[in-house]
Amino acid sequence: MAFEITKAEGCLLYDTNGKEYIDLIGGISVANVGHRHPKVIGAIQKQLEAYLHVMVYGEFVESPQVQYAKLITDHLPATLNSVYFTNSGAEAVEGAMKLAKRTTNRTQIIAFNNSYHGSTQGALSVMGDEYWRNAFRPLLPDVLHLEYNSFDSLLSITEQTACVIAEPVQAEAGIIVPYKEWMQALRKRCTETGTLLILDEIQTGFGRTGKLWGFEHFNIVPDILLLGKALGGGMPLGAFIADKKLMDAFTENPVLGHITTFGGHPVCCAAGMAAVKALLDEKMIEDVQQKEELFRSLLVHPGIRTIRSFGLWLAVEFDSFETNKKVIDACLVNGVMTDWFLFSPQCLRISPPLIIDKEEIRKVCKMILKVI
Ligand code: PLP
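Residues numbered from 1 in each chain as written. Predicted model: local features only at pLDDT ≥ 70, side-chain atom pairs only at ≥ 80, totals over all residues. Heavy atoms only, no water.

Caption draft 1: View of the packing of helix 3 (residues 63-74) against helix 9 (residues 266-281). At a minimum axis distance of 8 Å, the contact between helix 3 and helix 9 shows a crossing angle of 30°. One way to sum up the angle between helix 3 and helix 9 is to call them roughly parallel. For the pair helix 3 and helix 9, the sense of crossing is left-handed. Side by side, helix 3 and helix 9 meet where Pro64, Gln65, Gln67, Tyr68 and Leu71 of the first sit next to Pro266, Cys269, Ala270, Gly272, Met273, Val276 and Lys277 of the second. Class assignment of the residues belonging to the contact of helix 3 with helix 9 gives a composition of 8 nonpolar, 3 polar and 1 charged. (Axes fitted to C-alpha atoms, helices over the stretch in contact; angles between N-to-C directions. Helix = DSSP H or I, 4+ residues; strand = E, 2+ residues; numbered from the N terminus. Parallel < 35°, antiparallel > 145°, perpendicular 65-115°, else oblique. Left-handed = near helix turned anticlockwise from the far one by under 90°. Contact = heavy atoms within 4.5 Å. Nonpolar A, V, L, I, M, F, W, Y, C, P; charged D, E, K, R; others polar.)

The following block contains the structure:
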């Protein structure tokens, strides 16, 4: 994009000319509490005074890791009680798939078409799009891709399957919301076959969908939960979370079943914990649905084919990528930062910081309609 940023604050970005942009993508669902939230900056500064990296993850007790794991698990169902922090979302995917193979003694991994789980070799193996995978073969063996939201496809999950990895709502496919009954049937099929259900909440977590976690909409609980993006409050951090009974498999045969030097970096954990506290204390999730409805009520135009949304997360569909790209470019000229989706390039991405106010929503919608 050759777009140079000099400052980011709240919902706003500034370029080298001091021009202001309303940020409708928030670093791709990272800046849920806004850019440079004062509590996040304060927590980072405090941690900088204490220590940075001191030891490979897990060797020493580092209180930002412990306290942040406690805060997260306090807001999760009882079986999601053990947190392994990583450097990124993709590394959380890798750790979770290893844990599933290790604890089930099975090798098959099932994923869904049009899913995105990251770009490392394991995560790439489960990515649901052959165009993106093909140049990097051979990838992980024994990976099967099924159709998302199809009841028939669930029959392919068997006693041979170590885990199924799914997004509660498919992000890069352009916000594909599955039937609640399908998610529940997926959970049931995994339980029946002894397969671990891994839910990738790297984009759906931390209030994006109008609830703290996406899985809450479906009344199910995964065996392993993946977090990233907003987890670090703007700093790089990922996590996979499971029952300690499962996680303990990493402590023997081999001992240190997953190792990371920088995973759970104390500054990232301090930042993330401050961000989640701000998210909860300042009740940022409460009006997500109202704001979603406001976007939907304002974005009405014959050039828009359809809008799919789930919380403060909208895919505005045009007839082609070419049209979408023209809209995105014109938005930028007019001070609105947007983007498209990896597997749905004809859709405009709207996933702003959750703190975007109604005035800003009116302003950006007016601008989007004008450029269309
Ligand atoms: N899973 C989902 C749903 C994502 O959207 C992403 C990143 O966009 C990832 C996994 C990978 O995370 P990271 O880029 O931190 O490796």
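Caption draft 2: Region of the structure containing the sheet that holds strand 15 (residues 344-350). Strands sit in the order 11-12-15-14 across an open sheet of 4 strands; the sheet is antiparallel. On the outer flanks of this sheet lie strand 11 (306-309) and strand 14 (339-341), each paired with one strand and no other. In this sheet, adjacent strand axes meet at a mean angle of 40° when their direction is disregarded. Note that strand 11 and strand 12 (residues 314-317) share 4 bridges and pair antiparallel. When the sheet's bridge partners are listed, Thr306 is paired in strand 12 with Glu317. Here helix 10 (residues 288-298) sits on the sheet in contact with strand 11, strand 12 and strand 15, set at roughly 175° to strand 11. (Pairing = 2+ DSSP bridges.)

Caption draft 3: Quick peek at the nonpolar core. Core analysis: the largest hydrophobic core is formed by 104 residues, its most contacted members being Tyr68, Phe85, Leu186, Leu226, Phe240 and Phe295. Sort the elements by how many residues they give to this core and helix 9 lands first, with 10 residues. Structurally, this core is a two-domain feature, drawing no fewer than three residues from each of domain 1 (5-32 + 284-371) and domain 2 (40-281). Not counting residues up to four positions away in its chain, the partners in contact with Leu186 are Phe112, Leu154, Ile157, Val164, Ala166 and Leu197. (Core = buried A, V, L, I, M, F, W, Y, C linked by side-chain atoms within 4.5 Å. Buried < 20%, exposed > 50% of the residue type's maximum accessible area, 1.4 Å probe, protein only. Domains from an automatic or database assignment.)

Caption draft 4: Region of interest: the domain arrangement of the chain. One can read the domain layout of the chain as domain 1 (5-32 + 284-371) and domain 2 (40-281). Of note, the centres of domain 1 and domain 2, computed from C-alpha atoms alone, are 27 Å apart. Residue-level contacts link 23 residues of domain 1 with 30 residues of domain 2. For the pair domain 1 and domain 2, the two sides together bury roughly 2400 Å², of which 66% comes from carbon and sulfur. The largest share of the area that domain 1 buries against domain 2 comes from Phe310, Trp313 and Phe343, three residues that together contribute 35% of it. At the surface where domain 1 touches domain 2, the tally comes to 1 salt bridge. In this structure, the connection of domain 1 to domain 2 is made through 12 residue pairs in polar contact (both at pLDDT 80 or more). Secondary-structure elements contributing two or more residues to the side of domain 1 that touches domain 2 are helix 1 (26-29), strand 11, strand 12 and strand 15. Considered class by class, the residues forming the side of domain 1 that touches domain 2 number 15 nonpolar, 6 polar and 2 charged. (Buried area = accessible area lost by both parts, 1.4 Å probe. Salt bridge = Lys/Arg side-chain N within 4 Å of Asp/Glu carboxyl O. Polar contact = N/O pair within 3.5 Å; in protein donor to acceptor, adjacent residues only side chain to side chain.)

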